[in-house]
Structure formats: structure tokens, C-alpha cells
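One-letter residues, chain by chain:
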Amino acid sequence: MLGCGTVGASVLRLIEQGGETLHERVGARVEVRRVLVRDLDKARAGVDETLLTTEPESVFGDEGIDIIVELVGGEQPARSFIERALDQGKSVVTANKLLIATHGPELLARAVTAQVDLAFEGAVGGGIPIVRTLRDAFASDRLTAVTGILNGTSNYVLSRMLDAGLTFADATAEAQQLGYAEADPSMDVDGHDAAHKLGILAMLGFGLTPGGDPMHVEGIRAIEPVDHRFAARFGYRIKHLVVGRDHGDSVELRTHPALVPERSVLANVNGALNAVLLEGEALGPSLVYGQGAGGMPTAVSVLSDVLDVARSIAAGAPGLQTRGIRHTERARRAMADVESRYYIRFRVLDRPGVMAQIATALGQNEVSIEQMLQDRLPEVEGGPADVVMLTHGAREAAVQAALEALKGSAILVQDPRLMRIQDV
Ligand code: NAP
Ligand code: HSE
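All of the points below concern the structure found in this document. (Residues numbered from 1 in each chain as written. Chains lettered and ligands numbered in written order. Predicted model: local features only at pLDDT ≥ 70, side-chain atom pairs only at ≥ 80, totals over all residues. Heavy atoms only, no water.)

Before going further, it helps to examine the environment of G211. For G211, the position within the fold is in the loop between α10 (192–206) and β7 (216–217). A relative accessible area of 38% means that G211 is categorised as partly exposed. Not counting chain neighbours up to four residues away, the residues in contact with G211 comprise A101 and R332. (Helix = DSSP H or I, 4+ residues; strand = E, 2+ residues; numbered from the N terminus. Buried < 20%, exposed > 50% of the residue type's maximum accessible area, 1.4 Å probe, protein only. Contact = heavy atoms within 4.5 Å.)

Another aspect to go through is the site of ligand 1. The immediate surroundings of ligand 1 are formed by 25 residues, with C4, K42, K97, E182 and G294 found nearest. Take T6: an N or O atom from its main chain is 2.9 Å from an oxygen atom of ligand 1. Side-chain polar atom of R44 to an oxygen atom of ligand 1: 2.8 Å apart, as the coordinates give it. Protein contacts shield 86% of the accessible area of ligand 1, which totals 900 Å² for the unbound molecule. For the shell around ligand 1, the residue count by class is 10 nonpolar, 9 polar and 6 charged. (Near = heavy atom within 4 Å. Polar contact = N/O pair within 3.5 Å; in protein donor to acceptor, adjacent residues only side chain to side chain. Areas by Shrake-Rupley, 256 points an atom, 1.4 Å probe, with all protein chains shown as cover. Nonpolar A, V, L, I, M, F, W, Y, C, P; charged D, E, K, R; others polar.)

Now for the site of ligand 2. Near ligand 2, the surroundings consist of 13 residues, among which K97, G152, T153, Y180 and E182 are the closest. Take E182: an N or O atom from its side chain is 2.7 Å from a nitrogen atom of ligand 2. Within the complex, 94% of the 260 Å² of free accessible area of ligand 2 lies under protein. Of all the secondary-structure elements, those providing two or more residues to the shell around ligand 2 are α7 (152–164) and α10. Counted by class, the shell around ligand 2 contains 4 nonpolar, 4 polar and 5 charged residues.

What follows is the structure, given as C-alpha cells:
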């Protein structure tokens, strides 16, 4: 095993708890030979210290090792570790979404050449079995849509800000303490982690080669408490979503905060929970839901992969699962062509003509207003007001053009805040 942090230490614990049952399930003994770490002096409760090493050679030089579990995270040295393991003919289990989303095709090809497996259930959705679901359960159907909450940290932060009134900084610090956040939490709150996961799901579900054109990625930093309050008054909650659609001639991928109807399933997925709504052409809708981050939930996915791979090795057929993953370059739908309803909050000077100016900019771009609320900011006497509009369905390009037309206008106290509305 490479890495013994939040997830790695939990994998060791789970193996200990599993005892003989694990060996019986595989039909062979599963044992941890070495654990590579950075710092031997770190306190690690419950970890057998005799397994620890800081020397990669003592892992890669051990011919008795069949499976390498990569839980270091990040780009390097994790990528070189995985490449080296595959080139040595060892199967690899990883939870590294960044690597699969950015170098998945090369790494999978390497695994296929070496006739071994590269398994990555823990990379998406922590403990929920979404990789298996798309790779195996959907092998007989065509996935047409995926909509979900895939970043536990962002969902935790949004839930704590709304339910406990925490600041963004305090809620993020809590998520870090609980082991949900990446080593660099900006990966979570700026949307990149969710984008990596969506890229992986699009490979498994839509057969789209990861990487390629960058997808639209927004995080949760710009959401203010006032946005939660307005969303609630319109009957919505704000969630950080991944959205993927297979339009046949193109694939749409985006990740951003969105308003979801308060009675919908996704609106009621709170804390570090994740949920993914899948739409299959033949199957129709289905839902995968559960703990999306944290040591033990992710360890369940990692260890399940280890057991699967071990079973294949014991049966003399390693690499079968990995060979089944097919992907190709496909056209991507530009964000400008995406259709949605929109929430737009304008912080404006409260004076005559303001509403007319906003309505003109929207109207001239064929963006139709569906509902509207206006609130004077109570803390500033005679000061600015928030005007919030929900639009009917419109093209992203049209909405952006309307906002561009208002840019620099003297009526605006700050840049308009725009969120898409996802009717799920
Ligand atoms: P972590 O707590 O930061 O642990 C990283 C481990 O890697 C530590 O044991 C560290 O050693 C070791 N390490 C780092 N750089 C190293 C190097 N150059 N050489 C040797 N060892 C090195 O990370 P984590 O939260 O367990 O995450 C691990 C992976 O799982 C990441 O890819 C992450 O994205 C993924 N993941 C995490 C979660 C989660 O909820 N945490 C969920 C799903 C997937 P020291 O202990 O000595 O510092
Ligand atoms: N940092 C990730 C999250 C861990 O918060 O969802 C699970 O992949």
C-alpha cells in the first residue's frame, strides 16, 4: 500500500475488522506486505509500525506483492508509482480521481498491455458503488443522463452554512478535520474534484475519453447566505451539482452550484453524502446514494476493489474488468449552447428606472422573466437592494449576453450573481 493517511489507515482497519471472511471471499489470503509513507515519525494509532517504510524500493522490489494500492493522491509521485506497478505486471487499486481524470486513458492502456487491472471505485463517490454500477450494471444499457452531488466537502459546507449558520471558512475547516477534504481543499470548493469525478463517470457511462475540451467548472465560494434565503423563498435549495447529458451527436458536461427544487431527492442529500441520478435509455431512472467522502466509506470501495482484483488473480484471469472499459473522443456541447432556467441576483441602487434597465437587457436577448423578488438590504438605510429574477428556459449565451450588456452600468453595486436551476 502506498500512503497511510485518512483513507489508507482506514483500509488497514477494515482489513483487520474483516478477518478470515475476507480470505474466504477471495479464496486466497489477502495480506498487507508494506505500507509506504512520507514520515515515519507521525503518530498512527492502530497501524502496525513494522509494515511502514519510506523507501519505494522496498515495495517495488518485493516480488511477493501482487497488488499495489495507491492512496498517496495528487499527480506526482502517485502517477510514477502507478506506472511502475503496471509495468511490473502488478494490478493497481487507486482512489486518485485527479490521475484517472487526467491520465486515465494512458494508465488504462498500460494496464491492458500488462494484462492486469487498474481499479478505481474509491475515486468517485467515496463509498458508493458508482464505478461498478456504470461499468457493469449499465453495460447492457445506454446511459443518457447523470446528475448528482459528487463532492462531499462542498455539500458539507453548503449544508453547514445553511443549517448551522457557519461561515464558509469555518465549515471548510470542519470538513478538513473530518477527513472529507483533499490535501488542498480548493480542489473541492472550487469544483475541480467534482469535475474530475464527472470526467470519470462520462468515460464509464458515455464512453467519452477524459481530458479534451475543458468542461464548465464553478465552485461554491461566491454563494452568499442571502442566496440561500432567496432560493428558499422560491422553493429551492442550493447544491453543487455535476451534470452530464449524452445528446447523441455531442456530450454536455458541467459542474456548478444550482438551485434544485426543495422536495427533490438531491435537495435532501446533506452533509458529506453523495447521490447520483442516472437515466438509462432502457432502465429509466435510478439512484445511487451514500457516504461520498471520509476514510472508512472510501476504504470500503478500495478494499472491495482489492478483493475483486485478488479474485481475478486467484482465478488466473487478471485484467478482465479493465479491458471492458471503452472510450473514444466525442464532440462536446459548448457551454454557450446549454439550455437552462436561471436564478440571477442583481445588487442594485434602489432608484427609478433600475428594473426597466434590467428587463430591457434581458428582453433584448430573448431572456424571459418567470418570477421576481426585490428586498432592500436592511442594514443600509436608503441603500442598495437585491433584485432576484428566475428566468424561463434560455440559452446560456443569451443570458451571458444580457449580463454583458449591463456590465459597468451605474445601477449595479456588485457583479450579478448567476446560478442555473436544475429541475431534477
Ligand atoms: P492523506 O490523508 O493526505 O494521505 C496521503 C498519504 O500519502 C499519507 O500517508 C502520506 O504520508 C502519503 N504520502 C504523501 N506523499 C508521499 C510521498 N511522496 N511518498 C510516500 N508517501 C506519501 O490523503 P487521503 O485523504 O487519504 O487521500 C488519499 C487518496 O484518496 C487521494 O487520491 C484522494 O483524492 C482519495 N480520496 C480521498 C477521500 C477522502 O475522503 N479523504 C475520498 C475518496 C478518495 P504521511 O502520512 O507520512 O504524510
Ligand atoms: N474530497 C472529496 C470530497 C473526497 O469531498 O468529496 C471524496 O472523493
